[in-house]
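# Commentary on secondary and tertiary structure
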Amino acid sequence: MAVDYTRVARFTLGVKELLTGGRSLRITSATGTDLSLTCDPDRPWTPFTGLYQCGGQGGRLPQGEVFCTPLTADGILAVSVVGYPFNAETGLLAEPLLIEVARGAAVEVRHPDSVLERAVRDWLTEAPNGTLLGELALGTNRDLPTLTGNLLFDENVPGVHIAFGHPFPEYTGADWESRVHVDMVVERPSVRVDGGVVLDEGRYRI
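To start, this report covers the structure provided alongside it. (Residues numbered from 1 in each chain as written. Predicted model: local features only at pLDDT ≥ 70, side-chain atom pairs only at ≥ 80, totals over all residues. Heavy atoms only, no water.)

## Quick word on the nonpolar core
With 39 residues, the main nonpolar core has Leu136, Leu138, Phe164 and Met184 as its most contacted residues. If you look at the next biggest cluster of nonpolar residues, it comprises 6 residues, including Val81, Leu144, Leu151 and Val185. (Core = buried A, V, L, I, M, F, W, Y, C linked by side-chain atoms within 4.5 Å. Buried < 20%, exposed > 50% of the residue type's maximum accessible area, 1.4 Å probe, protein only.)

## Quick notes on the pattern of salt bridges
This model, assessed by the stated rule, comprises 9 salt bridges. Here aspartate 34 and arginine 26 are joined by a salt bridge, their closest N and O atoms 2.9 Å apart. Judged by its relative accessible area of 33%, aspartate 34 falls in the partly exposed class. The residue arginine 121 makes a salt bridge to glutamate 108 at a minimum N-O spacing of 3.1 Å. Placement of arginine 121 in helix H3 (residues 114-125) and of glutamate 108 in strand E7 (residues 105-110) is noted, with a sequence separation of 13 residues between them. If you follow the salt bridges from partner to partner, you end up with Arg60, Glu65 and Glu155 in one network. (Salt bridge = Lys/Arg side-chain N within 4 Å of Asp/Glu carboxyl O. Helix = DSSP H or I, 4+ residues; strand = E, 2+ residues; numbered from the N terminus.)

## Considerations on the side chain of aspartate 183
Position of aspartate 183 relative to the elements: it lies in strand E10 (residues 181-186). In this structure aspartate 183 is buried but unpaired, with arginine 60 as the nearest side chain of opposite charge at 7.1 Å. In terms of polar contacts, aspartate 183 uses its side chain to reach the side chain of histidine 181, at 3.4 Å. If sequence neighbours within four positions are ignored, aspartate 183 has contacts with Val81, Val82, Gly83, Glu135, Leu151, Glu155, His161, Ile162 and Ala163. (Lys, Arg positive; Asp, Glu negative; His and termini not counted. Polar contact = N/O pair within 3.5 Å; in protein donor to acceptor, adjacent residues only side chain to side chain. Contact = heavy atoms within 4.5 Å.)

## Focus on the pairing of strand E6 (residues 92-102)
A regular strand places its side chains on the two faces of the sheet in alternate fashion. Both strand E5 (residues 72-82) and E6 contribute to a ladder of 6 bridges, which runs antiparallel. The residue bridging leucine 77 from the neighbouring strand is isoleucine 99, located in E6. Judged from the 5 bridges that link them, E6 and E7 form a sheet pairing that is antiparallel. Directly across from glutamate 100, in E7, lies its bridge partner glutamate 108. Connecting E6 to the antiparallel partner E7 that follows it, the hairpin turn spans 2 residues, and arginine 103 within it adopts a positive phi of roughly 55°. (Pairing = 2+ DSSP bridges.)

## Concerning the state of the cysteines
Tallied over the entire structure, the rule returns 0 disulfides. The thiol of cysteine 68 is unpaired, and the distance to the nearest cysteine sulfur, on cysteine 39, comes to 4.0 Å. A relative accessible area of 0% means that cysteine 68 is categorised as buried. (Disulfide = S-S within 2.5 Å.)

## As for the environment of alanine 106
Mapped onto the secondary structure, alanine 106 falls in strand E7. Sequence spacing of alanine 106 and glycine 21 is 85 residues, and the spatial spacing of their C-alpha atoms is 25 Å. Ignoring sequence-local partners within four residues, the contact set of alanine 106 consists of Ile99, Glu100, Val101, Leu124, Thr131 and Phe164.

Written out as structure tokens, the structure is:
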């Protein structure tokens, strides 16, 4: 929490600039993620830098991410950290939770722990728009070296987190809402944007 947020902000804004205008993203990981997404310039990337320097500003620390709502997504998402309301009990998963995504929505949930599998599936499917992929984010705080199992830290680690449910339309320009928002963190992902490497196994190549 006591890192140099001026440096975090500078890097975060650089990542935002790199992503802006990109249309085709592919996310892969050794744990099983292989997800292709299409983005739209009309749904802008928003930076959260961790700098709160003026009256009326506020937020949380640690911080460092850029996010948008993609137009669509297809493939498999393998996640090692699952957000609210599951994170306090599940922490860092020994086996990844697998989410099958089609046309921008979660269509299947799989995990060796059938109780967790059912709970995540029910939480997403019982809320209107809960299965829709509402957030695609890249963590940009390079002072956070690895996942801990605590979502508030892990969503800022260099890598990817994706949320199903509410897309924060005031930032993303998405035209729908949901009462749920479940963040899911991919361990050591690789990310390509329009064919160019941005992240390689959790390390930025920019």
